[in-house]
Amino acid sequence: MNRPEPPTDPELPRGVALAWGIAAHPQRGPKRELSIERIVETAIEIADAEGLAAVSMSKVATALGFTTMSLYRYVTSKDDLVLLMQEGASLPTPPSESVERDWRAGVTAWVLAMRSTYREHPWLVDIPISGAPITPNSLQIVDWFLHEVRELPLSDGEKMSALLLLTAYVRATSAQERDLSAAGADRTDVSGSAAFAALAELVTPERFPSLSPLFAAGGYVPPPEEVEEDVDTDFTFGLERILDGLQYHLDRTAAAGTAAPAGVTGSAEAQPRASEPPAEEDPMLVLPRDAKVRDAAKARKEAEQKVREAEKALREARKRERDAVKQAREREQHAREKEQQARQKAARQS
């Protein structure tokens, strides 16, 4: 009887394996003069100077003084190179275990570190998101965030949702900041200060009753010398509101009867007094933890998807019907014209 073959170890994609340092090294090629680290560092330098679109295997090879084929012995595709660039540019510096601070200060420090990385390497926002982090540095970033919220009475899913919300905020605002900075450097850009000065005469109270006072007071666009400060103010405002929302959720959960661990305090308004009945539960904050509610929500989403698919099928059927009617009328018109031509021909022959 044939013995069953032993299970094979799961394989990581080569780019990911390179990031973890467990990929096989090339057996041939230039020795000691070229390395994955040098390739990635050079690619990052090109991206920092010219943007991600400027990075190519041939350009990196030229900068290093090697042939393109030499690079492919180390990094087998540009996709792998971009992944390694992202990994190399994302170097988190988690705080020491001896640092004591509340969750809000810790999360703020984490967010500002992510923003600093995007500012240092603006091209990072141009890399498409292809899935959950699986490289060591990116997982270290996740680990750092979970360390900062370890005391909060949140489920694992809620913690990951908070991480996703904050990373999306940092990424979006960093992309916006990068694009606005580039636009400000372009003297021909239509959104520059000269264009807004010209618009001042067009944004009238009659047409824009709510916007015009803000526009006239100079609050719509900050002066050029205050742009950087204004960007920081906007970023801080948005971050504080996100954290306020998370604190609100914690306060309402605590008021509904979930005891918060030491170190997590809610607002005075949210904490019920001993002489008062417990606050009424907010179903939108408490019930989603229930498995039946999640199942019901999933069923609703599936039903909504079916409705959208049915509506799409209906639109397509109506379009086919209109096309069929149009073609039938064209055939009828063509038949009438052909019949008329035949009658005219018969009349001439008679």
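Use the structure listed above.
Model, not experiment: these values are computed from the prediction. Residue positions are given per chain, counting from 1 as you read along its sequence in written order. Where totals are concerned, whole chains, interfaces and linings use all residues; where local detail is concerned, this predicted model gives features only for residues with pLDDT of at least 70, and gives and counts side-chain atom pairs only at 80 or more. With hydrogens and water set aside, each side-chain value is computed from the structure's full complement of heavy atoms.

Peer 1: How should I be thinking about empty space enclosed by the protein in this particular structure?
Peer 2: Over the atoms rolls a probe the size of a water molecule, and its path tells where empty space is left. The method works on a 1 Å grid over the protein atoms by themselves. A cavity is a set of points holding a 1.4 Å probe that cannot get out, a pocket is an open set with protein on both sides within 12 Å along at least five of seven lines, and residues with an atom within 4 Å of a point line them. Grid points are joined across faces, edges and corners, and a volume is the space filled by probe spheres set on the points. Within this structure, the stated rule accounts for three cavities of 30 Å³ or more. In this structure, the largest cavity spans a volume of roughly 50 Å³. In this structure, the largest cavity is lined by Pro95, Ser96, Val99, Glu100, Arg101, His147, Glu148 and Arg150. Split by residue class, the lining of the largest cavity holds two nonpolar, two polar and four charged. When residue character is reported, Ala, Val, Leu, Ile, Met, Phe, Trp, Tyr, Cys and Pro are called nonpolar, Asp, Glu, Lys and Arg charged, and the others, Gly included, polar.

Peer 1: Before we go on, may I ask you to explain the layout of surface pockets in this structure?
Peer 2: Each pocket or cavity is described by its volume, and for the second largest pocket that value is around 1,100 Å³. What lines the second largest pocket is a set of 31 residues, among which Gln86, Ile129, Gly131, Pro133 and Ser138 lie closest to the centre. Of the residues forming the lining of the second largest pocket, the biggest block, seven residues, is contributed by helix H8 (residues 156-185). Per-class residue counts for the lining of the second largest pocket are 20 nonpolar, eight polar and three charged. Helix and strand definitions follow DSSP, with helices as H or I runs of at least four residues and strands as E runs of at least two, each counted in order from the N terminus.

Peer 1: Is there a simple way to think about the side chain of threonine 42 in this case?
Peer 2: Examined against the element boundaries, threonine 42 turns out to sit in helix H2 (residues 36-50). Here, residues are in contact when the closest pair of their heavy atoms is within 4.5 Å. Excluding residues that lie within four positions of it along the chain, threonine 42 makes contacts with Val60, Ala63 and Leu64.

Peer 1: Can you walk me through the packing of aromatic side chains in this structure?
Peer 2: For any pair of aromatic rings, the description rests on two quantities: the centre-to-centre distance and the angle between the ring planes. Here the aromatic set is Phe, Tyr and Trp, taking the six-membered ring for Trp, and pairing holds for ring centres within 6.5 Å; pairs whose planes are under 30 degrees apart are stacked, those over 60 apart are edge-to-face, and all others are tilted. Applying the stated rule across the entire model yields three aromatic pairs. Relative to phenylalanine 145, the ring of tryptophan 110 lies with its centre 4.9 Å away and its plane at 55°, an arrangement referred to as tilted. Within this pair, whereas tryptophan 110 is found in helix H6 (residues 103-120), its partner phenylalanine 145 is found in helix H7 (residues 136-148), the two being separated by 35 residues in sequence. In this structure, arginine 115 packs its charged tip against the face of phenylalanine 235, placed 4.1 Å from the ring centre. Here, a charge over a ring is recorded when the distance from Lys NZ or Arg CZ to the ring centre is within 6 Å and its angle to the ring normal is within 35 degrees. The side chain of arginine 241 reaches across the aromatic face of phenylalanine 237, ending 4.9 Å from its centre.

Peer 1: Looking at this structure, how should I read H2?
Peer 2: Given 3.6 residues to a turn, an α-helix orients residues that are three or four positions apart in the same direction. To estimate the expected span of a helix, count its residues, drop one, and scale the result by 1.5 Å. The end-to-end C-alpha distance of H2, which contains 15 residues, comes to 21 Å, matching closely the 21 Å that a straight helix rising 1.5 Å per residue would cover. The elements touched by buried residues of H2 are helix H1 (14-20), helix H3 (57-64), helix H4 (68-72) and helix H5 (78-89). Just downstream of H2, glycine 51 is the residue with a positive phi angle, here 100°.

Function-wise, these values are silent; they only describe arrangement.
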